[in-house]
Structures are given as C-alpha cells and as structure tokens.
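For reference, the chains in residue letters:
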Amino acid sequence: MPKNLKHLFGPVPSRRLGRSLGVDLIPFKTCTMDCTFCQLGETPCVVSERGDYVSMQDVLAELNRWLEKDGQADHITLAGSGEPTLHEHFGDVFRWAKEHTDIATVLLTNGTLMHDPDVRADAALANKVKVTLSAWDEISFQQIHRPAQGVTFDLLVKGEQAFRHEYLGELSVEVFIIEGVNSQFSNVRKIAEIVQSLSPDRIDINTVVRPPAVKGISASPEEQLEAIAEIFGPTATITASFKRQGGVSLEISDEALLGLLKRHPATCKQLAAEFNYPADKIFKSLKKFAAVGVLREEVRDGDVYFFSRDKD
Ligand code: SF4
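Predicted, not measured: the structure shown is a model, and the values here were computed from it. (Residues numbered from 1 in each chain as written. Predicted model: local features only at pLDDT ≥ 70, side-chain atom pairs only at ≥ 80, totals over all residues. Heavy atoms only, no water.)

**Student:** Explain the pattern of salt bridges to me, please; I cannot follow it from the model alone.
**Tutor:** One side chain can pair with another of opposite charge once the charged atoms of both are near each other. Summed over all chains, the structure comprises 13 salt bridges. When the shortest N-O distance is used, the salt bridge between R95 and D122 registers 2.6 Å. Taken together, the positions of R95 in helix α2 (residues 91-100) and D122 in helix α3 (residues 117-123) put the pair 27 residues apart, joining distant regions of the chain. For E174, the salt bridge goes to K130, with nearest N and O atoms at 4.0 Å. One end of the pair, E174, is in strand β8 (residues 170-177); the other, K130, is in strand β7 (residues 128-132), with 44 residues separating them in the sequence. Grouping residues by exposure puts E174 and K130 together as buried. The network of salt bridges with common partners includes K130, E174, R202 and D204. (Salt bridge = Lys/Arg side-chain N within 4 Å of Asp/Glu carboxyl O. Helix = DSSP H or I, 4+ residues; strand = E, 2+ residues; numbered from the N terminus. Buried < 20%, exposed > 50% of the residue type's maximum accessible area, 1.4 Å probe, protein only.)

**Student:** Any chance you could explain the nonpolar core here in plain terms?
**Tutor:** In a soluble, globular protein the nonpolar side chains are often hidden away together inside. Core analysis: the biggest nonpolar cluster contains 72 residues, and L25, L133, I205 and F232 have the highest contact counts within it. If we ignore the near neighbours within four places in the chain, the residues touching I205 are V175, I177, L225, I228, A229, F232, A236, T237, I238, T239 and A240. One finds I252, L257, A266 and F275 within the second-largest nonpolar core, a separate group that totals 19 residues. (Core = buried A, V, L, I, M, F, W, Y, C linked by side-chain atoms within 4.5 Å. Contact = heavy atoms within 4.5 Å.)

**Student:** Whenever I open this one, the site of the ligand confuses me. Can you help?
**Tutor:** In the region of the ligand, the neighbouring residues are K29, C31, M33, C35, F37, C38, T43 and N110. Grouping the constituent residues of the shell around the ligand by class yields 5 nonpolar, 2 polar and 1 charged. (Near = heavy atom within 4 Å. Nonpolar A, V, L, I, M, F, W, Y, C, P; charged D, E, K, R; others polar.)

**Student:** Sorry, what's going on with the pairing of β8 here?
**Tutor:** In the case of a regular strand, side chains alternate between the two sheet surfaces. Along β8, 7 of the 8 residues are buried, which leaves the element largely enclosed by surrounding structure. In this structure, β7 lies alongside β8, joined through 5 bridges in parallel fashion. Across the sheet, the residue bridging to T132 is E174, located in β8. With 6 bridges joining them, β8 and strand β9 (residues 202-207) adopt parallel strand pairing. When the sheet's bridge partners are listed, V175 is paired in β9 with I205. Between the parallel pair β8 and β9, the chain is carried across by helix α6 (residues 185-196), and the sense of this crossover is right-handed. (Pairing = 2+ DSSP bridges. Right-handed = clockwise from strand over helix to strand, strands pointing away.)

**Student:** Honestly, the packing of aromatic side chains in this entry has me stumped. Any pointers?
**Tutor:** Two descriptors summarise a pair of aromatic rings, namely the distance from one centre to the other and the angle between the planes of the rings. Under the defined criterion, the tally for this structure stands at 4 aromatic pairs. Here the aromatic rings of F37 and F176 are separated by 3.7 Å at their centres, their planes lie at 10°, and the arrangement is stacked. Of the two residues, F37 is situated in the loop between β3 (30-31) and β4 (45-46) and F176 in strand β8; the sequence distance between them amounts to 139 residues. Each member of the pair F37 and F176 is classed as buried. A centroid spacing of 5.8 Å and a plane angle of 50° characterise the contact between F141 and F153, whose relative ring orientation is tilted. One end of the pair, F141, is in helix α4 (residues 138-145); the other, F153, is in helix α5 (residues 153-166), and 12 residues separate them in sequence. Exposure class is identical for F141 and F153. Each is buried. When the ring centre of F307 is taken as reference, the NZ or CZ atom of R296 above it lies at 4.3 Å. (Phe/Tyr/Trp six-rings, centres within 6.5 Å; stacked < 30°, edge-to-face > 60°. Lys NZ or Arg CZ within 6 Å of the ring centre and 35° of its normal.)

**Student:** What is the right way to read the packing of helix α1 (residues 56-69) against α2 from this model?
**Tutor:** How two helices sit against one another is set out by the angle between their axes and by the gap between those axes. Following both chains from N to C, one finds α1 and α2 inclined at 30°, their axes separated by 11 Å at the closest point. When the interaxial angle is binned, α1 and α2 end up roughly parallel. Every pair of crossing elements has a handedness; the one defined by α1 and α2 is right-handed. For the pair α1 and α2, contact is made by M56, V59, L60, L63, N64, W66 and L67 and by D92, V93, W96 and H100, respectively. Residues belonging to the contact of α1 with α2 are distributed by class as follows: 8 nonpolar, 2 polar and 1 charged. (Axes fitted to C-alpha atoms, helices over the stretch in contact; angles between N-to-C directions. Parallel < 35°, antiparallel > 145°, perpendicular 65-115°, else oblique. Left-handed = near helix turned anticlockwise from the far one by under 90°.)

**Student:** Can you help me understand α2 in this one?
**Tutor:** Count 3.6 residues to each turn of an α-helix, and residues three or four apart come out pointing the same way. Among the residues of α2, G91, V93, F94, W96 and A97 are the ones counted as buried. On its buried face, α2 sits against β2 (18-23), α1, β5 (75-78), β6 (104-108) and α3.

Put into structure tokens, the structure is as follows:
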C-alpha cells in the first residue's frame, strides 16, 4: 500500500468481502442522518445536499497510485466515515474500477438519497449495494436515525424500492436492531414487510456491537436476534456477532488497522474475532499505537475500545 493516502484505507480483511479496499469520499461524519446507534459518534454535519466534498481528482490519483504499487483486493468498497452518495461524483470510482481493474465494487449506503435518479444511476454501477432499513414509519425513523431536514421515511422507502426495480446487481439490506426501540416482534414484522418489498438478495441483521452515539442505546441478545432473523426469512443472516468464525486468519497491516479504527472503533477481542487473528498480536499493535498517541482507549460498558485520534 502506498504511504500518505487520505481517501483510501485497507485493504481491510472482511469475512464477506475478503480483502476490501475502502474508499472514503466524505469528511469525517458528514451524513444525511445522525443515527442513535452510530459507532462514529454524533453527526456534526447532518446534510442532504450533494456536492464535491473531496476532490475526485485526488481520489482517482490515489487509486492509480494504489493500483501501480499494490492493486491487490477482492473488492473496492465505497464506505467510511459518512454517507458516500453525498459526493456528487461517487460513480466515478466505479467507472474507474471498471476501466482499470476487474475488481468487484461495493457501495455501502444508508439509502436516503436513492430517491434521486442520478444517485440511483451511479449506484447501479456497483456490483454489490447495501442499503439500510431499520424503521417502520416516520416516527420510528426520526427516533432511530434523526435525519437531515427533508429526509423522510417515505422518501427513503420509495427511493430504495425504485433502486431495486432498476438494479440487476446484488442488493443487501441491513436492519439495525436496537433493544427496546425496534426489537419488539410486532415492529420487526412491519420492518420485514417493507424489507421484503425490496426483494433483497440478502438481509443483514445487525445490532450495537460498538460504542453508540447515544448513551442507553443497547444491543439485543443473540437469541432474540435469531428469532428476529427468522421473521425476515431464509436470506437473513446475523452479522453482529464478533465471535471467532474459524477458518483462515486474515492478515492486517498496521496501516489497514489504523484506517479501520478511524472509521470503526473496536475492542481487541472484536478485532481478533473479526480477523481470526491472535488477540495478543493485535493487542501489542494497539498498545504500541496508543503509547504514541495515535489511538486512544476508552472504557465503555466494561470493555476497552480503541479509537483513532485522526479524524481528518
Ligand atoms: S450509522 Fe451510517 S447513516 Fe447513520 S449516522 Fe452513522 S454514518 Fe450516518
């Protein structure tokens, strides 16, 4: 991996995507929503206007450098510390990937801008797209996601439905379950009905496994998630678990580890399970970076989380 990349991180080992090169197009925590469960903390910039949030020329120059120097990844993923479709030219990353590589592309989006035909057209360039749907009406949407003004539940659902109608690639829907907020079976059934209207290829059931933006937001227990997954049907999988999965260890470089923690604070145990890697080796790296002030440690609910100090 070339040094001093501002917009690329990883490749990060991922159970589902293999080695995934992350591309971050949005300044830290600039998003169309301020989700109560967000692992990045509260959103200081809740916006819905699209724009050139970072120079696409710089992003493509970094991708060219990466391709020359390394160029090894199973996926190129638009993700990171904000909502990627806020960038007016996010589709250029997919066009670049198609032109210069045969690596599959992924878009991780909250789906709030899918009502815009331009967003749908560029999103459709990705081989895989994951959208979010965790509410069942406007009140629950506001309560869970605290969206930007003008971003409504109706717009979200209609936009995601329109996208499914047009998109031929693999569509996943992530449903984020918060204990006591949308975990009741009666509400889950309402969410499931809307999710099924998107005919997703897969449904990812997630919960609060990292420190949330708002105190008091908590995870649903695994047995309950299992019962919830059943309501969603056979394409639903629980992705929240950080249990060791078995199989091969996924190597992660120091740079990729720091890039990941900048966007996803985690405990040593979670990282070890995620990468199926010895916890003592990860702990050593984490402590090394904490000692020089690159990472900071914070105890949440009895667990020590490692956060990046770099939010540029
Ligand atoms: S969870 Fe995702 S959509 Fe929600 S505020 Fe955080 S970055 Fe934005």
